[in-house]
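For reference, the chains in residue letters:
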Amino acid sequence: MKQKFLIIILALNTSYVSATHEIKLWDRYEHEFTSTKSYDNPINQAKNFDITFTSPTGRTRKVYGFWNGGTSWKVRFMPDELGSWTWQSACSDAENSGLHENSGSFDCVENDNELAIYKHGAITHSSGAYYLSYNDGTPYFWAACTAWNGALKSTDEEWDTYLNHRKDHNYNLIQLVTTQWRGCDQSSEGLQAYEGSGEITINPDFFKLIDRKIDEVNALGLIVSPVILWALHVGQGRYLSPDYHLPHEEAVLLAKYIVARYQGNHVVWSLGGDGKYYDDLEGRWKKIGQDVFDGIDHAPVTLHPHGSSYVGRTYAEEDWYDLMGYQSSHNNGERVVNWINKGPMAEDWDKLKPMPYINMEPNYEEIHFRIDAEDVRNASWWSIFATPIADISYGAKGIRLWLREGEKILNHRDAPGTCTWRKSFDFPGSIQVGYLSEFIQKVDWWHYFPAKQLLVEQPGVGTYNAFISVVAKRDVSAIMADIPKTANVKLRNPRNMNYEAQWFDRQTNEYIKAEYKSDDGLMIFEQKSGGMWY
């Protein structure tokens with residue numbers, strides 16, 4: 001009787017999932033819990049639902065669980081070790097035996113998928129590195145396309161067409177929004193992510209659509225950068241921005257919910273979108289970041305700032321902040337061009353904690369009908385050479401808002417004649433940013449750093465958009481110089497090394513063997529423009 005009594009006590013206080021599942025390395029493990037209580041507002045009445053996973057080697061990784069509708073709760077998790085894993089749940093409502101003190105296990109087995117994210121592992125940032133990498137250390141070059149409304153508005157056919165086009169043109173990451181925002185007030189199914197302000201309620205059915213769209217991105221081997229809390233505080237439709245109207249506690253609950261749903265996917269988080277994260281709002285955003293990400297296992301995190309905005313000196317020492325995101329904005333004028341080439345990113349990168357510098361929103365092609373392919377190319381190449389090479393992001397107005405024939409732009413200045421998303425992804429600049437991505441990934445780009453000291457004369461001093469960018473390896477064994485306007489280029493060769501030179505045409509994707517003259521420690525290149533010596 002004593003033994004039977006002990007068994008009954010254990011059954012009342014814990015639930016063990018005895019079935020052993022096999023999950024592939026770098027794939028998603030998912031377990032469903034059945035709550036013993038029905039809550040009127042689950043995320044507010046069971047605010048903390050955490051699951052701690054223990055790896056075969058004894059490492060522990062804590063993640064969030066989430067409500068999925070009714071009495072269904074779930075956890076999603078990506079294993080990073082082969083072997084037997086175990087887990088234990090904890091809920092702030094300790095009386096809910098369906099959520100609190102449950103445990104289980106699964107076996108992680110080899111993954112034979114040859115796509116990079118399954119072969120090399122999740123994206124991470126290693127201490128001391130100026131670039132992202134896969135888990136096994138293989139460098140990852142961020143080549144993003146911006147489709148804020150893509151997951152919200154697209155049909156399955158549209159999304160499939162778009163993603164395959166991006167993959168075929170050397171893009172490997174999609175930036176998208178995960179809630180209603182000023183550019184889209186509801187999903188294609190007529191749903192919103194949440195309702196309310198003082199105490200929000202979550203709509204799981206809204207997120208089930210986003211689930212499918214993010215899963216398809218990963219299925220093609222692409223990374224997703226989900227914006228968690230759109231943060232624009234000005235302009236028409238600002239009331240749709242979660243950060244505009246949610247108090248701190250509710251903003252954190254919403255952010256935790258989104259992190260919980262997609263932490264089992266291959267993601268890089270953008271905690272905020274198009275926001276002001278400094279001055280009077282600095283404390284708010286630092287606290288949100290801390291409350292959402294401190295104490296849990298998570299993918300790399302950044303903030304997507306508003307136009308011509310950079311928060312490096314403010315956030316570099318935040319433990320949860322992994323990538324130096326900035327936005328140069330949609331302008332080809334002298335102020336913005338000089339800000340990219342000579343601004344705080346170019347000045348700070350070697351003074352602050354090493355991390356990737358990512359221009360998350362350079363010129364959008366066709367925006368205001370004044371940004372063309374040349375402007376896109378220039379902003380892109382200037383951005384990747386202003387700091388250690390790490391990334392590029394592309395955008396076009398028709399793609400980011402997912403415009404179709406005859407649609408008007410919500411809460412933005414209407415622009416009749418703006419091309420649809422289908423036409424936009426074949427814009428010249430869109431294709432040429434793909435050329436950039438392909439070119440960079442042919443070289444060991446993570447060894448290149450800004451080297452303006454090698455350039456003898458900078459034409460950008462007199463003509464701002466003729467700015468020549470130069471990067472080189474630390475030992476100067478390889479140099480790359482981008483020449484946007486016709487110019488005679490003189491590069492210092494302090495070690496009198498013999499270089500084999502090539503010309504890359506960034507508009508046509510052509511490679512041509514190049515010649516140069518050597519003269520007293522200098523290399524002199526003939527007049528050429530619209531490409532790169534390397």
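Residues numbered from 1 in each chain as written. Predicted model: local features only at pLDDT ≥ 70, side-chain atom pairs only at ≥ 80, totals over all residues. Heavy atoms only, no water.

The next thing to look at is the overall build of the protein chain. Within the protein chain, the secondary structure is distributed over 16 helices and 30 strands. A compact globule built from 534 residues should have a C-alpha radius of gyration of about 24 Å, and the protein chain, at 25 Å, falls within 12% of that. A burial count over the protein chain gives 58% of its 534 residues as buried. Within the protein chain, residue pairs in contact and separated by at least 24 positions form 71% of the contacts whose partners lie at least 6 positions apart. (Helix = DSSP H or I, 4+ residues; strand = E, 2+ residues; numbered from the N terminus. Rg over C-alpha atoms; globule rule 2.2 N^0.38 Å. Buried < 20%, exposed > 50% of the residue type's maximum accessible area, 1.4 Å probe, protein only. Contact = heavy atoms within 4.5 Å.)

Let's shift gears to the sheet that holds strand β10 (residues 139-140). Pairing in this open sheet of 3 strands is antiparallel, and the strands run β8-β9-β10 from one edge to the other. Each edge of the sheet is formed by a strand with only one pairing partner; in this case those strands are β8 (123-124) and β10. As paired strands, β8 and strand β9 (residues 132-134) are joined by 2 bridges and run antiparallel to one another. Looking at the pairing, Ile-123 lines up with Tyr-134 of β9. (Pairing = 2+ DSSP bridges.)

Let us look at the nonpolar core. Ranked by size, the top nonpolar core spans 143 residues in total, and within it Phe-53, Trp-142, Tyr-162, Ile-174, Trp-269, Trp-285 and Phe-293 carry the most contacts. With 10 residues, the top contributor of residues to this core is helix α8 (residues 248-262). With sequence-adjacent residues up to four places away left out, Phe-53 is seen in contact with Tyr-29, Arg-59, Thr-60, Arg-61, Val-63, Val-75, Phe-77, Trp-85, Thr-86, Trp-87 and Phe-106. Core analysis: the second largest hydrophobic core is formed by 20 residues, Leu-455, Ala-481, Ile-483 and Phe-525 among them. (Core = buried A, V, L, I, M, F, W, Y, C linked by side-chain atoms within 4.5 Å.)

Take the pattern of salt bridges next. Under the counting rule described, the total for this entry stands at 32 salt bridges. The closest approach of N and O atoms between Glu-407 and Lys-153, which form a salt bridge, is 2.9 Å. Here Glu-407 is found in the loop between α14 (397-400) and α15 (421-424), whereas its partner Lys-153 is found in helix α4 (residues 150-153), with 254 residues between them in sequence. Between Arg-506 and Asp-482 there is a salt bridge, and its shortest N-O distance comes to 3.0 Å. Taken together, the positions of Arg-506 in the loop between β26 (502-505) and β27 (510-513) and Asp-482 in strand β24 (residues 479-483) put the pair 24 residues apart, joining distant regions of the chain. (Salt bridge = Lys/Arg side-chain N within 4 Å of Asp/Glu carboxyl O.)

Looking now at the pairing of strand β6 (residues 83-91). Relative to β6, strand β3 (residues 49-54) runs antiparallel, the two being bridged by 6 bridges. Among the inter-strand pairings, Thr-52 is bridged to a residue of β6, identified as Gln-88. By the bridge criterion, 6 bridges tie β6 to strand β7 (residues 102-109) in an arrangement that is antiparallel. Considered in β7, the bridge of Gly-83 is made with Cys-108.

Attention now goes to the environment of Val-234. For Val-234, the location among the structural elements is in the loop between β15 (223-230) and α7 (242-245). Overall, Val-234 belongs to the exposed group, its relative accessible area being 55%. In the structure, Val-234 is positioned 141 residues away from Asp-375 in sequence and 26 Å away in space, judged by C-alpha atoms.

Reading across from one edge, β18-β19-β20 is the order of the 3 strands in this open sheet, with mixed pairing throughout. Bordering the open sheet on either side are β18 (309-310) and β20 (357-359), each of which pairs with just one other strand. Pairing between strand β19 (residues 324-327) and β20: 3 bridges, direction parallel. Paired with Tyr-326 across the two strands is Asn-359, which belongs to β20.

A few words on helix α13 (residues 373-386). Along its 14 residues, α13 runs 20 Å from first to last C-alpha, staying within 8% of the 20 Å computed at 1.5 Å per residue. The buried fraction of α13 amounts to 13 of the 14 residues, a majority that puts the element mostly inside the structure. The residue sitting at the N-terminus of α13 and contributing the capping side-chain oxygen is Asp-372; that oxygen lies 3.2 Å from the backbone nitrogen of Glu-374. (Expected span 1.5 Å × (residues − 1). Polar contact = N/O pair within 3.5 Å; in protein donor to acceptor, adjacent residues only side chain to side chain.)

What follows concerns the packing of α8 against helix α9 (residues 282-293). When two helices pack together, their arrangement is given by the angle between the helix axes and the distance between those axes. Running from amino to carboxyl end, α8 crosses α9 at an angle of 45°, the nearest separation of the two axes being 9 Å. In terms of their interaxial angle, α8 and α9 are classed as oblique. Considering only the axes of α8 and α9, their crossing is right-handed. Here His-248, Ala-251, Val-252, Ala-255, Lys-256 and Val-259 of α8 come into contact with α9, specifically with Arg-284, Lys-287, Ile-288, Asp-291, Val-292 and Phe-293. Residue composition of the contact of α8 with α9, grouped by class: 7 nonpolar, 1 polar and 4 charged. (Axes fitted to C-alpha atoms, helices over the stretch in contact; angles between N-to-C directions. Parallel < 35°, antiparallel > 145°, perpendicular 65-115°, else oblique. Left-handed = near helix turned anticlockwise from the far one by under 90°. Nonpolar A, V, L, I, M, F, W, Y, C, P; charged D, E, K, R; others polar.)

Before going further, it helps to spend a moment on the packing of aromatic side chains. Two measures describe an aromatic ring pair: the distance that separates the ring centres and the angle between the ring planes. Within this structure, the stated rule accounts for 40 aromatic pairs. Seen from their ring centres, Phe-53 and Phe-77 are 3.8 Å apart, and the 0° between their planes marks the pair as stacked. A residue pair is termed long-range when its members are at least 10 positions apart, and Phe-53 in strand β3 and Phe-77 in strand β5 (residues 72-77) qualify at 24 residues. You can call Phe-53 buried: its relative accessible area is 0%. On the basis of an interplanar angle of 80° and a centroid distance of 5.9 Å, the ring pair of Phe-66 and Tyr-257 is categorised as edge-to-face. Taken as a pair, Phe-66 in strand β4 (residues 60-67) and Tyr-257 in helix α8 lie far apart in primary sequence, 191 residues in all. Three or more aromatic residues joined by ring pairs form one cluster here, namely Tyr-29, Phe-53, Phe-77, Trp-85 and Phe-106. When the ring centre of Tyr-315 is taken as reference, the NZ or CZ atom of Lys-286 above it lies at 5.7 Å. In this structure, Arg-474 is placed above the aromatic ring of Phe-449, and the distance from its NZ or CZ to the ring centre is 3.7 Å. (Phe/Tyr/Trp six-rings, centres within 6.5 Å; stacked < 30°, edge-to-face > 60°. Lys NZ or Arg CZ within 6 Å of the ring centre and 35° of its normal.)

None of this, on its own, says anything about what the molecule does.
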